[in-house]
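Spelled out from the first residue to the last, the chains are:
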Amino acid sequence: MASTETLEDIKARIEQVTPAEASSELDAGGAVLIDTRDAINRQEVRVEGDEYAPAGNGGIESHTEQFGDRVAELAGGRDQRVLLYCNVGNRSAVAADALVREHGFEDVASVAGGIAAWEQDGLPVLVPEGMSAEQRNRYSRHTLLPQVGVEGQLRMLNAKVLLIGAGGLGAPAALYLAAAGIGTLGLVDDDEVDESNLQRQVIHSTERIGQPKTESARKTIESLNPDVKVIEHRTRLDASNIIDIIKDYDVIVDGADNFPTRYLLNDASVRLRKPVVSASILAFDGQISTFVPFEGPCYRCLYPTPPPAELAPSCGAAGVLGVMAGVMGLLQANEVIKLVIGIGEPLIGRLLLYDSLGTHFTELKVRRDPECPICGPNAPEIPESEMGKFPDYELFCAG
Amino acid sequence: MPTIKVPPVLREQTDGEAAVSVGGGTVGEALNALAERYPSTKDQLFSPEGDLNRYVNVYLNDEDVRVLDGLDTAAADSDTVVILPAMAGG
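Going along each chain's sequence as written, the residues are numbered from 1 onward. To read the labels, note that chains go from A and ligands from 1, taken in the order they are written. Only residues with pLDDT of 70 or above have their local features reported here, since the model is predicted, and side-chain atom pairs are shown and tallied only from 80 upward, although totals for entire chains, interfaces and linings are computed over all residues.

Chemist: What am I meant to see in the overall build of chain B here?
Modeler: From N to C terminus, chain B includes 2 helices and 5 strands. Walking chain B from its N terminus toward its C terminus, one meets helices and strands in the order β-β-α-α-β-β-β. For a compact globule of 90 residues, the expected C-alpha radius of gyration is about 12 Å, and chain B comes in at 12 Å, within 12% of that figure. In terms of principal-axis extent, the alpha carbons of chain B reach across some 35 × 25 × 25 Å. Secondary structure elements follow DSSP: runs of H or I of four or more residues count as helices, runs of E of two or more count as strands, with numbering from the N terminus. The globule rule used for comparison is 2.2 Å times the number of residues to the exponent 0.38, while the radius of gyration itself is calculated over C-alpha atoms.

Chemist: Looking at this model, I keep getting lost on the overall build of chain A. Mind explaining?
Modeler: Each helix and strand in chain A was counted, giving 17 helices and 13 strands. Taken against the 2.2 N^0.38 rule, which gives 21 Å for 399 residues, the C-alpha radius of gyration of chain A at 28 Å runs more than 25% over that of a compact globule. Burial status across chain A gives 43% buried among its 399 residues. Long-range contacts, defined here as pairs at least 24 residues apart, represent 69% of the contacts in chain A between residues at least 6 apart. To sort residues by burial, count the other C-beta atoms lying within 10 Å of each one's C-beta; a count of 20 or more means buried, 12 or fewer means exposed, and anything in between means partly exposed. C-beta atoms are built from the backbone. By definition, residues are in contact whenever their C-beta atoms, placed on the basis of the backbone, come within 7 Å of each other.

Chemist: Teacher, can you tell me more about the interface of chain B and chain A here?
Modeler: The parts lose accessible area when they come together, and the size of an interface is often stated as this lost area. In this complex, chain B contributes 17 residues to the contact, which on the side of chain A involves 31 residues. Taken together, the elements giving at least two residues each to the side of chain B that touches chain A come down to strand E4 (63-64) and strand E5 (80-85) of chain B. Residues are grouped as follows: Ala, Val, Leu, Ile, Met, Phe, Trp, Tyr, Cys and Pro are nonpolar; Asp, Glu, Lys and Arg are charged; every other residue, Gly included, is polar. When grouped by side-chain class, the residues that make up the side of chain B that touches chain A number 10 nonpolar, 3 polar and 4 charged.

Chemist: What's the story with the pairing of strand E8 (residues 229-233) of chain A in this structure? I'm lost.
Modeler: In the case of a regular strand, side chains alternate between the two sheet surfaces. Pairing between strands requires that DSSP locate at least two bridges from one strand to the other. Pairing of strand E7 (residues 184-188) of chain A with E8 of chain A, which is carried by 5 bridges, proceeds in the parallel orientation. Following the sheet pairing, Leu185 of chain A is matched in E8 of chain A by Val230 of chain A.

Chemist: How should the environment of Leu163 of chain A be read in this particular structure?
Modeler: Residue and element names in this part refer to chain A. By the element assignment, Leu163 lies in strand E6 (residues 160-164). Note: C-alpha distance between Leu163 and His233 (70 residues apart in sequence) is 9.8 Å. Those residues within four positions of Leu163 in sequence are excluded, and the remaining contacts are Gly170, Ala173, Ala174, Leu185, Gly186, Leu187, Val188, Val253 and Gly255.

Chemist: Looking at this model, I keep getting lost on the packing of helix H10 (residues 170-180) of chain A against helix H16 (residues 322-341) of chain A. Mind explaining?
Modeler: What describes two packed helices is the angle between their axes and the distance between those same axes. All names here are of chain A. Following both chains from N to C, one finds H10 and H16 inclined at 40°, their axes separated by 7 Å at the closest point. With respect to each other, H10 and H16 are oriented oblique. Crossing handedness for the pair H10 and H16: right-handed. Contact residues: Gly170, Ala171, Pro172, Ala173, Tyr176, Leu177 and Ala180 in H10; Gly326, Gly329, Leu330, Gln332, Ala333, Val336 and Ile337 in H16. Counted by class, the contact of H10 with H16 contains 10 nonpolar, 4 polar and no charged residues. Orientation is described by lines fitted to C-alpha atoms, with helices fitted over the stretch in contact, and by angles between N-to-C directions that extend from 0 to 180 degrees. Working definition: roughly parallel below 35 degrees, roughly antiparallel above 145 degrees, roughly perpendicular at 65 to 115 degrees, and oblique for all remaining angles. Helix crossings are classified by the rotation of the near helix relative to the far one: an anticlockwise turn of less than a right angle makes the crossing left-handed, while a clockwise turn makes it right-handed.

Chemist: Where do I start with the packing of helix H9 (residues 149-158) of chain A against H16 of chain A in this structure?
Modeler: Residue and element names in this part refer to chain A. Look at H9 against H16: their axes get within 9 Å of each other, and the N-to-C directions meet at 110°. Judged on the interaxial angle alone, H16 and H9 are roughly perpendicular. In this structure, H9 uses Gly152, Arg155 and Met156 to contact H16, whose residues at the interface are Ile337, Val340 and Ile341. Grouping the constituent residues of the contact of H9 with H16 by class yields 4 nonpolar, 1 polar and 1 charged.

Chemist: Teacher, can you tell me more about helix H5 (residues 91-101) of chain A here?
Modeler: Helical geometry note: an α-helix holds 3.6 residues per turn, so side chains three or four residues apart project in the same direction. Among the 11 residues in H5 of chain A, 9 count as buried, and that is most of the element. Elements in contact with the buried residues of H5 of chain A: helix H1 (7-13), helix H4 (65-75), strand E4 (81-85), strand E5 (107-111) and helix H6 (114-120) of chain A.

Chemist: What exactly am I supposed to notice about the sheet that holds E4 of chain A here?
Modeler: Note on sheets: strands pair through backbone hydrogen bonds, and any given pair is parallel or antiparallel. Residues and elements named next belong to chain A. Read from one edge to the other, the open sheet built from 5 strands follows the order E1-E5-E4-E2-E3, with strand pairing classed as parallel. What marks the edges here is a single partner per strand, and that holds for strand E1 (15-17) and strand E3 (51-52). Pairing of E1 with E5, which is carried by 3 bridges, proceeds in the parallel orientation. When the bridges of E5 are listed, Val17 appears paired with Val111. Each of E4 and E5 touches H5; the most contacted strand, E5, lies at about 175° to it.

Chemist: I'm lost on the sheet that holds E6 of chain A in this one. Help?
Modeler: Residue and element names in this part refer to chain A. The 8 strands are arranged E8-E7-E6-E9-E10-E11-E12-E13 in an open sheet whose pairing can be described as mixed. The open sheet is flanked by E8 and strand E13 (360-365), the only strands paired with a single partner. On average, adjacent strands in this sheet sit at an angle of 15° to one another, irrespective of strand direction. Alignment of strand E9 (residues 251-254) against strand E10 (residues 276-282), held across 3 bridges, turns out to be parallel. Within E10, the position partnered with Asp254 by the bridge is Ser278. Sitting on the sheet, helix H11 (residues 213-224) touches E7 and E8, and the angle it makes with E8 is about 175°.

Chemist: Help me understand H16 of chain A, please; the structure alone is not making it clear to me.
Modeler: Residue and element names in this part refer to chain A. In this analysis, the expected span of each helix is defined as 1.5 Å times one less than the number of residues it contains. Compared with an ideal rise of 1.5 Å per residue, which puts 20 residues at 28 Å, H16 spans 29 Å between its outermost C-alpha atoms and is within 8% of the ideal. Counting buried positions along H16 yields 14 of 20 residues, so the element is predominantly enclosed. Positioned one or two residues after H16, Gly342 has a phi angle of 85°, which is positive.

Chemist: Can you walk me through the nonpolar core in this structure?
Modeler: One recurring pattern in soluble globular proteins is that nonpolar side chains are buried together. Ranked by internal contacts, the top residues of the largest apolar core, which has 96 residues, are Val161, Leu163, Ala174, Leu177, Leu185, Ile281 and Val336 of chain A. By residue number, the principal contributor to this core is H16 of chain A, which donates 10 residues. Leave out the neighbours within four places in its chain, and Ile281 of chain A touches Gly168, Leu169, Gly286, Cys315, Val320, Met324, Ala325 and Met328 of chain A together with Met87, Gly89 and Gly90 of chain B. Core analysis: the next-biggest nonpolar cluster, separate from the first, contains 28 residues, Val47, Ala75, Val82 and Ala95 of chain A among them. What we call a nonpolar core is a set of buried Ala, Val, Leu, Ile, Met, Phe, Trp, Tyr and Cys residues whose membership is set by joining through C-beta atoms within 7 Å.

Chemist: Can you walk me through the environment of Pro346 of chain A in this structure?
Modeler: Residue and element names in this part refer to chain A. Following the sequence through the fold, Pro346 ends up in the loop between H16 and strand E12 (350-355). With 55 residues separating them in the primary sequence, Pro346 and Phe291 have C-alpha atoms 9.3 Å apart. The residues contacting Pro346, other than those within four sequence positions of it, are Thr290, Glu335, Lys338 and Leu339.

Chemist: What is the right way to look at the pairing of E13 of chain A in this model?
Modeler: Residues and elements named next belong to chain A. Here 6 bridges tie E12 to E13, and the two strands are oriented antiparallel to one another. Residue pairing across strands places Arg350 opposite Lys365, the latter belonging to E13. Between the antiparallel neighbours E12 and E13 lie 4 residues, among them Thr359 with a positive phi of about 50°.

Quick look at the structure:
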């Protein structure tokens, strides 16, 4: 295209067809319809049965040899009938001109008005099922990823994830899982927002000091993403309520701040075969692993017995770097998304240590313990009637 | 000399050292050498009978010594012995 040329000049010399004419040609056979837009547009709406050859912004890529070769391949030769479309009919006009004048095509037309006119004329288009126009836009940067796609996003929208604790780990994890479009987020926490939480618990805010953490988190999540349903469990997990609370969720995020809850959650999640993404933090250090019952080790395979109190100070006593907590919470969110969609390599059988002062990541192997009293081959079968009965974890952890 | 990585909760006992090079041809000898140099670590690593405490996880490089030869696992100079405590902070 010479620089003095306008789009009007180009459109005047190429062949343009209306959407209705293009549709009839396709129905009759003998023509190939090619979408020249960017991938992101294509995800939102396209014509069924079309092919795809992006022509770049303003059609600039259509001047390359690769574009000509790609279209020739899709059409089955340069003598075949080719129909091009884009959003409003400009890019496809430039590309049609390039195909004829630069790449030796004989029979090319551009669809006037593009997909916009196509839809306006009431001709059928293909939109991803199960997602609204707003959702297609909101999650477009996810669905663009081939590993996620519309299907993966729909899995996230249908997933139910439970966060144990809306604190240092749960706050960042919940925030990003909500943004990602996890459809149901359960939050278990009986605490209220304290000023000293705000250095790391980014889902809460100064004006919410004194409010229940689950309520504060719900408000933030609802304003971030209306697709997410938040279920508040304003309670402390214990043996009497754990089965009822966790049974309806697909994945559990362990961000508890004490050992009795961590062992209780492990034993209950193994019974119900729920995957747990478990992390813990202290000072400048974090640990994370993913426990999928019977597929890999459980928390007890890794830590058969809890340490004495002097070896396990709390963040309240020893301090914790807020940013490090955020890193670990987001690593948990990342694991959750992989489990929900079924992609990548979850941290099953692997313990990842993060030393934020040295910026070192260390990975250790975690094996299933043949002696594990919970998931080992000799672990007792739990009858249905005993499902909700657990030993005294406070006592167990007191040594 | 193998290097022992000391977890944050034990660093008060090792004068703040996060990594300590010690003598010893096995994991047990290396940990004993650490306990000799920093005596207050001894009770936290070992039971009165001299076994590793059950709540202390020890790795040779990335492998749990429980699936190797325990304290008798050979440790070369280039190896790293990781002492790993459970943490419950959230």
